Amino acid sequence: MNHKTRILIVEDDMIIAANIGLQLTNLGYEVTGLESRGEEAVHHALETKPDIILMDIQLKGKLNGIEAAKSIKKFIDIPVIYLTANVDDASFNKAKETHPFAFISKPFNKLDLERTIALVEEKINEKNIDILSNEDSVEYQEDRIFIRVQNKLVKVLMEDILYIEAERNYCKIILSNLSYMIVSPLSRLCDKLDPKNFIRIHRSYVVNFSKLDAVSEANVEIQGKLIPIGKQFKDDLHRLLNKV
(Lines give C-alpha, C1' and ligand atoms only; values in the text may rest on other atoms or scores of the structure.)
Protein backbone atom coordinates (compact mmCIF):
# COMPACT_ATOMS: atom_id res chain seq x y z
CA MET A 1 0.00 0.00 0.00
CA ASN A 2 1.86 3.10 -1.26
CA HIS A 3 -0.53 5.49 0.40
CA LYS A 4 -1.27 4.86 4.08
CA THR A 5 -5.05 4.97 4.42
CA ARG A 6 -5.96 7.80 6.80
CA ILE A 7 -8.88 7.14 9.14
CA LEU A 8 -10.82 9.46 11.47
CA ILE A 9 -12.46 7.77 14.47
CA VAL A 10 -15.65 9.38 15.80
CA GLU A 11 -16.80 7.58 18.96
CA ASP A 12 -18.41 8.98 22.12
CA ASP A 13 -16.61 6.53 24.42
CA MET A 14 -12.98 7.63 24.34
CA ILE A 15 -11.73 4.33 25.83
CA ILE A 16 -13.31 2.45 22.91
CA ALA A 17 -12.01 5.11 20.49
CA ALA A 18 -8.46 4.76 21.83
CA ASN A 19 -8.69 0.97 21.55
CA ILE A 20 -9.87 1.19 17.93
CA GLY A 21 -7.09 3.69 17.20
CA LEU A 22 -4.48 1.32 18.60
CA GLN A 23 -5.84 -1.60 16.55
CA LEU A 24 -5.83 0.48 13.35
CA THR A 25 -2.29 1.74 13.96
CA ASN A 26 -1.12 -1.85 14.51
CA LEU A 27 -2.78 -2.80 11.20
CA GLY A 28 -0.73 -0.12 9.40
CA TYR A 29 -3.36 2.62 9.09
CA GLU A 30 -2.83 6.28 9.97
CA VAL A 31 -5.35 7.61 12.52
CA THR A 32 -5.98 11.32 11.88
CA GLY A 33 -7.72 11.81 15.22
CA LEU A 34 -10.27 10.72 17.81
CA GLU A 35 -13.44 12.81 18.18
CA SER A 36 -16.41 12.30 20.50
CA ARG A 37 -18.72 15.12 19.35
CA GLY A 38 -20.42 15.51 15.97
CA GLU A 39 -19.52 19.19 15.55
CA GLU A 40 -15.84 18.52 16.19
CA ALA A 41 -15.92 15.54 13.81
CA VAL A 42 -17.23 17.79 11.00
CA HIS A 43 -14.49 20.36 11.64
CA HIS A 44 -11.79 17.67 11.80
CA ALA A 45 -12.96 15.98 8.58
CA LEU A 46 -12.99 19.26 6.63
CA GLU A 47 -9.55 20.23 7.90
CA THR A 48 -7.70 16.92 7.52
CA LYS A 49 -9.77 15.19 4.80
CA PRO A 50 -9.28 11.56 5.91
CA ASP A 51 -9.79 8.69 3.46
CA ILE A 52 -12.36 6.91 5.67
CA ILE A 53 -14.45 7.91 8.71
CA LEU A 54 -15.45 5.40 11.39
CA MET A 55 -18.59 7.06 12.75
CA ASP A 56 -20.49 6.05 15.89
CA ILE A 57 -24.19 6.83 15.40
CA GLN A 58 -24.71 7.92 19.04
CA LEU A 59 -22.52 10.91 19.87
CA LYS A 60 -22.22 13.64 22.47
CA GLY A 61 -23.16 17.20 21.51
CA LYS A 62 -25.82 18.64 19.21
CA LEU A 63 -25.12 16.40 16.19
CA ASN A 64 -25.42 12.62 16.19
CA GLY A 65 -23.28 10.52 13.84
CA ILE A 66 -25.82 10.57 11.01
CA GLU A 67 -26.19 14.35 11.15
CA ALA A 68 -22.41 14.77 11.32
CA ALA A 69 -22.00 12.54 8.23
CA LYS A 70 -24.62 14.61 6.37
CA SER A 71 -22.84 17.85 7.29
CA ILE A 72 -19.50 16.49 6.06
CA LYS A 73 -21.01 15.24 2.78
CA LYS A 74 -22.29 18.74 2.00
CA PHE A 75 -18.64 19.68 1.53
CA ILE A 76 -16.70 16.51 0.72
CA ASP A 77 -17.59 12.93 -0.06
CA ILE A 78 -15.63 10.79 2.41
CA PRO A 79 -16.54 7.09 2.78
CA VAL A 80 -18.27 6.48 6.12
CA ILE A 81 -18.41 3.24 8.12
CA TYR A 82 -21.04 3.44 10.85
CA LEU A 83 -20.45 1.85 14.24
CA THR A 84 -23.85 0.72 15.56
CA ALA A 85 -25.28 -0.68 18.79
CA ASN A 86 -28.99 -1.40 19.24
CA VAL A 87 -30.00 1.06 16.53
CA ASP A 88 -33.76 1.30 15.90
CA ASP A 89 -35.18 0.94 12.38
CA ALA A 90 -35.83 4.67 11.99
CA SER A 91 -32.20 5.56 12.80
CA PHE A 92 -30.93 2.74 10.58
CA ASN A 93 -33.00 4.05 7.64
CA LYS A 94 -31.75 7.60 8.25
CA ALA A 95 -28.18 6.28 8.29
CA LYS A 96 -28.76 4.51 4.96
CA GLU A 97 -29.77 7.86 3.40
CA THR A 98 -26.18 9.06 3.83
CA HIS A 99 -24.96 6.14 1.63
CA PRO A 100 -22.42 4.65 4.05
CA PHE A 101 -19.88 2.18 2.70
CA ALA A 102 -20.51 -0.25 5.56
CA PHE A 103 -21.92 -0.86 9.05
CA ILE A 104 -20.10 -2.57 11.93
CA SER A 105 -22.24 -3.80 14.82
CA LYS A 106 -20.95 -3.37 18.37
CA PRO A 107 -19.38 -5.18 20.04
CA PHE A 108 -16.94 -6.07 17.26
CA ASN A 109 -13.52 -7.69 17.24
CA LYS A 110 -10.28 -6.84 15.48
CA LEU A 111 -11.03 -9.18 12.57
CA ASP A 112 -14.44 -7.54 11.93
CA LEU A 113 -12.76 -4.15 11.83
CA GLU A 114 -9.87 -5.30 9.62
CA ARG A 115 -12.12 -7.06 7.07
CA THR A 116 -14.64 -4.22 6.84
CA ILE A 117 -12.00 -1.56 6.26
CA ALA A 118 -10.25 -3.78 3.69
CA LEU A 119 -13.55 -4.16 1.80
CA VAL A 120 -14.13 -0.39 1.86
CA GLU A 121 -10.59 0.17 0.56
CA GLU A 122 -11.38 -2.22 -2.32
CA LYS A 123 -14.51 -0.21 -3.17
CA ILE A 124 -12.53 3.04 -3.13
CA ASN A 125 -9.80 1.54 -5.33
CA GLU A 126 -12.32 0.18 -7.84
CA LYS A 127 -13.85 3.63 -8.10
CA ASN A 128 -10.44 5.22 -8.74
CA ILE A 129 -8.69 2.65 -10.93
CA ASP A 130 -9.83 4.05 -14.29
CA ILE A 131 -8.87 7.55 -13.24
CA LEU A 132 -5.32 6.64 -12.27
CA SER A 133 -4.54 4.69 -15.44
CA ASN A 134 -3.42 7.60 -17.62
CA GLU A 135 -0.76 10.04 -16.40
CA ASP A 136 -0.86 12.12 -19.61
CA SER A 137 -4.59 12.78 -19.52
CA VAL A 138 -4.55 16.59 -19.92
CA GLU A 139 -3.23 19.10 -22.46
CA TYR A 140 -3.21 22.76 -21.42
CA GLN A 141 -3.83 25.84 -23.57
CA GLU A 142 -4.35 29.45 -22.57
CA ASP A 143 -8.15 29.49 -22.30
CA ARG A 144 -8.95 25.77 -22.36
CA ILE A 145 -7.75 22.31 -21.49
CA PHE A 146 -8.17 19.05 -23.36
CA ILE A 147 -8.88 16.01 -21.21
CA ARG A 148 -8.32 12.52 -22.56
CA VAL A 149 -11.49 10.48 -22.11
CA GLN A 150 -11.66 6.99 -23.65
CA ASN A 151 -9.03 7.65 -26.33
CA LYS A 152 -10.37 11.04 -27.39
CA LEU A 153 -9.57 14.59 -26.26
CA VAL A 154 -12.49 16.51 -24.79
CA LYS A 155 -12.32 20.32 -24.76
CA VAL A 156 -13.08 22.11 -21.48
CA LEU A 157 -13.09 25.92 -21.49
CA MET A 158 -11.47 27.46 -18.42
CA GLU A 159 -14.43 29.81 -17.99
CA ASP A 160 -16.78 26.80 -17.66
CA ILE A 161 -14.92 25.32 -14.70
CA LEU A 162 -16.75 25.95 -11.40
CA TYR A 163 -14.13 24.55 -9.03
CA ILE A 164 -11.48 21.85 -8.71
CA GLU A 165 -11.30 19.37 -5.84
CA ALA A 166 -8.16 17.45 -4.91
CA GLU A 167 -8.33 13.81 -3.89
CA ARG A 168 -4.94 12.27 -3.13
CA ASN A 169 -2.90 12.33 -6.36
CA TYR A 170 -5.71 13.31 -8.71
CA CYS A 171 -8.13 16.21 -9.18
CA LYS A 172 -11.83 16.39 -9.92
CA ILE A 173 -12.71 19.23 -12.33
CA ILE A 174 -16.31 20.30 -11.75
CA LEU A 175 -18.47 21.91 -14.45
CA SER A 176 -22.16 22.83 -14.20
CA ASN A 177 -23.46 19.52 -15.50
CA LEU A 178 -20.55 17.05 -15.32
CA SER A 179 -17.10 16.45 -13.89
CA TYR A 180 -13.77 14.97 -15.00
CA MET A 181 -11.02 13.25 -13.06
CA ILE A 182 -7.40 13.89 -13.97
CA VAL A 183 -4.11 12.60 -12.57
CA SER A 184 -2.38 15.64 -11.11
CA PRO A 185 -1.56 17.08 -7.70
CA LEU A 186 -3.57 20.26 -7.09
CA SER A 187 -0.37 22.32 -6.73
CA ARG A 188 0.76 21.35 -10.25
CA LEU A 189 -2.66 22.17 -11.66
CA CYS A 190 -2.62 25.57 -9.91
CA ASP A 191 0.58 26.45 -11.78
CA LYS A 192 -1.31 26.08 -15.08
CA LEU A 193 -4.29 28.24 -14.07
CA ASP A 194 -4.61 32.02 -14.40
CA PRO A 195 -4.37 33.42 -10.82
CA LYS A 196 -6.67 36.31 -11.80
CA ASN A 197 -9.49 33.82 -12.40
CA PHE A 198 -8.72 30.86 -10.14
CA ILE A 199 -7.88 31.00 -6.45
CA ARG A 200 -6.97 28.30 -3.98
CA ILE A 201 -9.18 28.63 -0.89
CA HIS A 202 -8.37 25.33 0.82
CA ARG A 203 -5.65 22.74 0.52
CA SER A 204 -8.21 20.60 -1.34
CA TYR A 205 -10.06 23.25 -3.39
CA VAL A 206 -9.45 25.80 -6.13
CA VAL A 207 -12.44 27.89 -7.23
CA ASN A 208 -13.24 29.94 -10.31
CA PHE A 209 -13.57 33.41 -8.80
CA SER A 210 -16.19 34.52 -11.34
CA LYS A 211 -18.47 31.63 -10.31
CA LEU A 212 -18.75 32.57 -6.62
CA ASP A 213 -22.38 33.07 -5.61
CA ALA A 214 -21.74 33.84 -1.94
CA VAL A 215 -18.83 34.17 0.49
CA SER A 216 -19.07 33.77 4.27
CA GLU A 217 -16.46 33.59 7.01
CA ALA A 218 -16.12 29.79 6.78
CA ASN A 219 -17.04 28.88 3.19
CA VAL A 220 -17.93 29.97 -0.32
CA GLU A 221 -20.95 28.87 -2.32
CA ILE A 222 -21.01 27.92 -6.01
CA GLN A 223 -24.30 26.70 -7.50
CA GLY A 224 -25.51 25.41 -4.12
CA LYS A 225 -22.22 23.68 -3.25
CA LEU A 226 -20.62 24.85 0.01
CA ILE A 227 -16.82 24.80 -0.16
CA PRO A 228 -14.75 25.34 3.03
CA ILE A 229 -12.17 28.13 3.30
CA GLY A 230 -8.88 27.02 4.85
CA LYS A 231 -7.41 29.35 7.47
CA GLN A 232 -4.14 29.85 5.60
CA PHE A 233 -5.98 30.84 2.39
CA LYS A 234 -8.42 33.41 3.85
CA ASP A 235 -6.14 36.43 3.31
CA ASP A 236 -5.61 35.64 -0.38
CA LEU A 237 -9.38 35.35 -0.93
CA HIS A 238 -10.09 38.62 0.88
CA ARG A 239 -7.39 40.42 -1.14
CA LEU A 240 -9.06 39.29 -4.35
CA LEU A 241 -12.49 40.27 -3.05
CA ASN A 242 -11.24 43.75 -2.15
CA LYS A 243 -10.07 44.29 -5.73
CA VAL A 244 -13.61 43.75 -7.08
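Above: the structure in question.
All values reported here derive from a predicted model rather than from experimental measurement.

So, how was this worked out
Residues numbered from 1 in each chain as written. Predicted model: local features only at pLDDT ≥ 70, side-chain atom pairs only at ≥ 80, totals over all residues. Heavy atoms only, no water. Pairing = 2+ DSSP bridges. Helix = DSSP H or I, 4+ residues; strand = E, 2+ residues; numbered from the N terminus. Axes fitted to C-alpha atoms, helices over the stretch in contact; angles between N-to-C directions. Salt bridge = Lys/Arg side-chain N within 4 Å of Asp/Glu carboxyl O. Buried < 20%, exposed > 50% of the residue type's maximum accessible area, 1.4 Å probe, protein only. Core = buried A, V, L, I, M, F, W, Y, C linked by side-chain atoms within 4.5 Å. Contact = heavy atoms within 4.5 Å. Parallel < 35°, antiparallel > 145°, perpendicular 65-115°, else oblique. Left-handed = near helix turned anticlockwise from the far one by under 90°. Nonpolar A, V, L, I, M, F, W, Y, C, P; charged D, E, K, R; others polar. Phe/Tyr/Trp six-rings, centres within 6.5 Å; stacked < 30°, edge-to-face > 60°. Lys NZ or Arg CZ within 6 Å of the ring centre and 35° of its normal.

> Just to check I follow, could you spell out the sheet that holds strand β12 (residues 198–202) for this structure?
Either a parallel or an antiparallel arrangement is found when strands of a sheet pair, and the pairing is made through backbone hydrogen bonds. On the basis of which strands lie adjacent, the open sheet formed by five strands has the order β11-β10-β9-β13-β12 and antiparallel pairing. The strands lining the two open edges of the sheet, one partner per strand, are β11 (179–183) and β12. This sheet shows a mean twist of 25° between the axes of neighbouring strands, independent of strand direction. Bridge count for strand β9 (residues 163–167) against strand β13 (residues 205–208) is three bridges, and the pairing is antiparallel. Each bridged residue has a counterpart across the sheet, and for Glu165 the counterpart in β13 is Tyr205.

> Mind showing me how you'd approach the pattern of salt bridges here?
It is possible for side chains bearing opposite charge to pair when their charged atoms get close. Under the definition given, this model contains 10 salt bridges. In this structure, Lys106 and Asp56 form a salt bridge, with 3.2 Å as the shortest nitrogen-oxygen distance. Of this pair, Lys106 sits in the loop between β5 (102–105) and α5 (110–128) while Asp56 sits in strand β3 (residues 52–56), placing them 50 residues apart in sequence. Here Lys106 falls in the partly exposed class, since its relative accessible area comes to 23%. Several salt bridges converge on common partners, so that one network encompasses Glu11, Asp56 and Lys106.

> Would you mind going over the nonpolar core with me for this structure?
Nonpolar side chains in soluble globular proteins tend to be buried together. In terms of nonpolar packing, the biggest core is built from 35 residues, with Ile53, Met55, Ile201 and Val207 touching the most fellow members. For Ile53, the contacting residues outside a window of four places in its chain are Leu8, Val10, Ala45, Ile72, Ile78, Pro79, Val80 and Ile81. With 19 residues, the next largest nonpolar core counts Val156, Ile173, Tyr180 and Leu186 among its residues.

> Looking at this structure, I do not really get the pairing of β11. What am I missing?
Note on strand geometry: in a regular strand, side chains alternate between the two faces of the sheet. Sheet topology note: the strand β10 (residues 170–174)/β11 ladder contains five bridges and is antiparallel. Within β11, the residue paired with Lys172 across the bridge is Met181. Between β10 and β11, which pair antiparallel in sequence order, lie four residues.

> What exactly am I supposed to notice about the sheet that holds strand β4 (residues 80–84) here?
Pairing within the open sheet is parallel, and its five strands lie in the order β2-β1-β3-β4-β5. Each end of this open sheet is capped by a strand with a single partner; those strands are β2 (30–35) and β5. On average, each strand axis in the sheet is inclined to that of its neighbour by 20°, with strand direction left out of account. Looking at chain direction, strand β1 (residues 6–10) and β3 are connected through four bridges and run parallel. From the neighbouring strand, Ile9 faces β3, where its bridge partner is Leu54.

> Just to check I follow, could you spell out the packing of helix α2 (residues 38–48) against helix α3 (residues 65–75) for this structure?
Across the interface, α2 lies against α3 with an axial gap of 9 Å and an inter-helix angle of 25°. Relative to α3, the element α2 is oriented roughly parallel. Note on packing geometry: the crossing formed by α2 with α3 is right-handed. Only Ala68, Ser71, Ile72 and Phe75 of α3 make contact with α2, whose side of the interface consists of Gly38, Ala41, Val42, Ala45 and Leu46. A breakdown of the residues in the contact of α2 with α3 according to their chemical character gives seven nonpolar, two polar and no charged.

> I tried to follow the packing of aromatic side chains on my own but got confused; where do I start?
Ring pairs (aromatic) are described by centroid distance and by the angle formed between their planes. As enumerated under the stated definition, the model contains three aromatic pairs in all. Judged by centre distance (4.8 Å) and plane angle (35°), the ring pair of Phe92 and Phe103 falls under tilted. With Phe92 in helix α4 (residues 89–96) and Phe103 in strand β5, this residue pair connects regions lying 11 residues apart in the sequence. Assessed through its relative accessible area of 32%, Phe92 is described here as partly exposed. Residue classification places Phe103 among the partly exposed positions, given a relative accessible area of 29%. Among the aromatic residues, those joined into a ring-pair cluster are Tyr82, Phe92 and Phe103. In this structure, Lys49 is placed above the aromatic ring of Tyr205, and the distance from its NZ or CZ to the ring centre is 5.7 Å.

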